[in-house]
Amino acid sequence: MASFFKANEIARTAVDIERKGRAFYLCLEENARSDETRKLFRFLAAEEGRHEGIFQALLDRLGDIELPAWATGEEYGMYIQGLIESHALFSDPEAESRMAAMADEREAIRMAMGFEKDTLLFFVEMEAFVPDREKGAVRECIKEEQLHLARLQRMYSKL
């Protein structure tokens, strides 16, 4: 587990989350039944792409940074690894095929809400691992993920 504990690995995971999130929303957009839902998924795909750029730039700036001593405990390492492995887009090998076959927009939105919730939790934890000068970028993404979750909830309530 100790080899995982470098801040740049956490930033690299954030890039992967956003890349998969963009693909996820593009697939949902393609299969959406209403224009309103299609528009929401298109917007969220663009947001994920923008966040990917933010985290890629962060990764490029971080280089090879060790995490703080307090974060090296095996139990905490297992917690972070659990966040990654239980993330909606990393833990479900059938997610892509389920998205393509999704006929119910409520189900699609619930799936998207799970993705946003998992991403939000990961970013909240990630903030502790980046240098102070980089925390603002992570906080901005956290706020945007919160807004995405709220938008999805509003859409879900409308359907």
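Not measured: the values here are computed from a predicted model.

### Digging into the nonpolar core
Part 1 of the argument: If you look at the biggest cluster of nonpolar residues, it comprises 38 residues, and the most contacted ones within it are Tyr-25, Phe-41, Phe-55, Phe-122, Met-126 and Leu-152.
Part 2 of the argument: Counting only elements with at least two residues in this core, the list comes to helix H1 (7-31), helix H2 (35-62), helix H3 (74-85), helix H6 (105-127) and helix H7 (135-158).
Part 3 of the argument: When residues in this core are grouped by element, the largest group, 10 residues, is from H6.
Part 4 of the argument: Not counting residues within four places of it along the chain, the set of residues in contact with Phe-55 comprises Ala-11, Ala-14, Val-15, Glu-18, Phe-123, Met-126, Val-138 and Cys-141.

### Points about H2
Part 1 of the argument: With 28 residues, H2 should cover 40 Å at 1.5 Å per step; its first-to-last C-alpha distance of 40 Å lies within 8% of that length.
Part 2 of the argument: Once H2 ends, the next one or two residues include Gly-63, with phi positive near 65°.

### Focus: the packing of aromatic side chains
Part 1 of the argument: On inspection of all chains with the given rule, the structure shows six aromatic pairs.
Part 2 of the argument: Ring centres 5.7 Å apart and planes at 80° place the aromatic pair Tyr-25 and Phe-115 in the edge-to-face group. One end of the pair, Tyr-25, is in helix H1; the other, Phe-115, is in helix H6, and 90 residues separate them in sequence. When sorted by exposure, Tyr-25 lands in the same class as Phe-115, which is buried.
Part 3 of the argument: Relative to Phe-123, the ring of Phe-55 lies with its centre 4.6 Å away and its plane at 45°, an arrangement referred to as tilted. Taken as a pair, Phe-55 in helix H2 and Phe-123 in helix H6 lie far apart in primary sequence, 68 residues in all. Each member of the pair Phe-55 and Phe-123 is classed as buried.
Part 4 of the argument: An aromatic cluster of three or more residues is present, and its members are Phe-24, Tyr-25, Phe-41 and Phe-115.

### Considerations on the confidence of the model for the protein
Part 1 of the argument: Mean pLDDT over the protein stands at 83; residues scoring 70 or higher make up 79%.
Part 2 of the argument: Of all the helices and strands in the protein, helix H5 (residues 95-100) carries the lowest mean pLDDT, 64, while H7 carries the highest, 94.

### Some details on H6
Part 1 of the argument: Relative to the 33 Å expected for 23 residues at 1.5 Å per residue, H6 spans 33 Å between its end C-alpha atoms, a close match to the ideal helical length.
Part 2 of the argument: With respect to burial, H6 is a largely interior element, 17 of its 23 residues being buried.
Part 3 of the argument: Capping of H6 at its N-terminal end is provided by Asp-104; its side-chain oxygen lies 3.0 Å from the backbone amide nitrogen of Arg-106.

### With respect to the pattern of salt bridges
Part 1 of the argument: Tallied over the full model, the rule gives 11 salt bridges.
Part 2 of the argument: Glu-47 is the salt-bridge partner of Arg-50, the closest N and O atoms lying 3.2 Å from each other. Remark: Glu-47 and Arg-50 occur in helix H2; sequence separation between them is three residues, near one turn of the helix.
Part 3 of the argument: Judged by its relative accessible area of 37%, Arg-50 is partly exposed.

### Examining the packing of H6 against H7
Part 1 of the argument: One can describe the packing of H6 onto H7 by two numbers: an axis separation of 9 Å at closest approach and a directional angle of 160°. Taken together, the axis directions place H6 and H7 in an arrangement best described as roughly antiparallel. When the axes of H6 and H7 are compared, the crossing they make is left-handed.
Part 2 of the argument: For the contact of H6 with H7, the per-class residue count stands at 14 nonpolar, four polar and seven charged.

Rules and cut-offs
Residues numbered from 1 in each chain as written. Predicted model: local features only at pLDDT ≥ 70, side-chain atom pairs only at ≥ 80, totals over all residues. Heavy atoms only, no water. Core = buried A, V, L, I, M, F, W, Y, C linked by side-chain atoms within 4.5 Å. Buried < 20%, exposed > 50% of the residue type's maximum accessible area, 1.4 Å probe, protein only. Helix = DSSP H or I, 4+ residues; strand = E, 2+ residues; numbered from the N terminus. Contact = heavy atoms within 4.5 Å. Expected span 1.5 Å × (residues − 1). Phe/Tyr/Trp six-rings, centres within 6.5 Å; stacked < 30°, edge-to-face > 60°. pLDDT = per-residue confidence, 0-100. Polar contact = N/O pair within 3.5 Å; in protein donor to acceptor, adjacent residues only side chain to side chain. Salt bridge = Lys/Arg side-chain N within 4 Å of Asp/Glu carboxyl O. Axes fitted to C-alpha atoms, helices over the stretch in contact; angles between N-to-C directions. Parallel < 35°, antiparallel > 145°, perpendicular 65-115°, else oblique. Left-handed = near helix turned anticlockwise from the far one by under 90°. Nonpolar A, V, L, I, M, F, W, Y, C, P; charged D, E, K, R; others polar.

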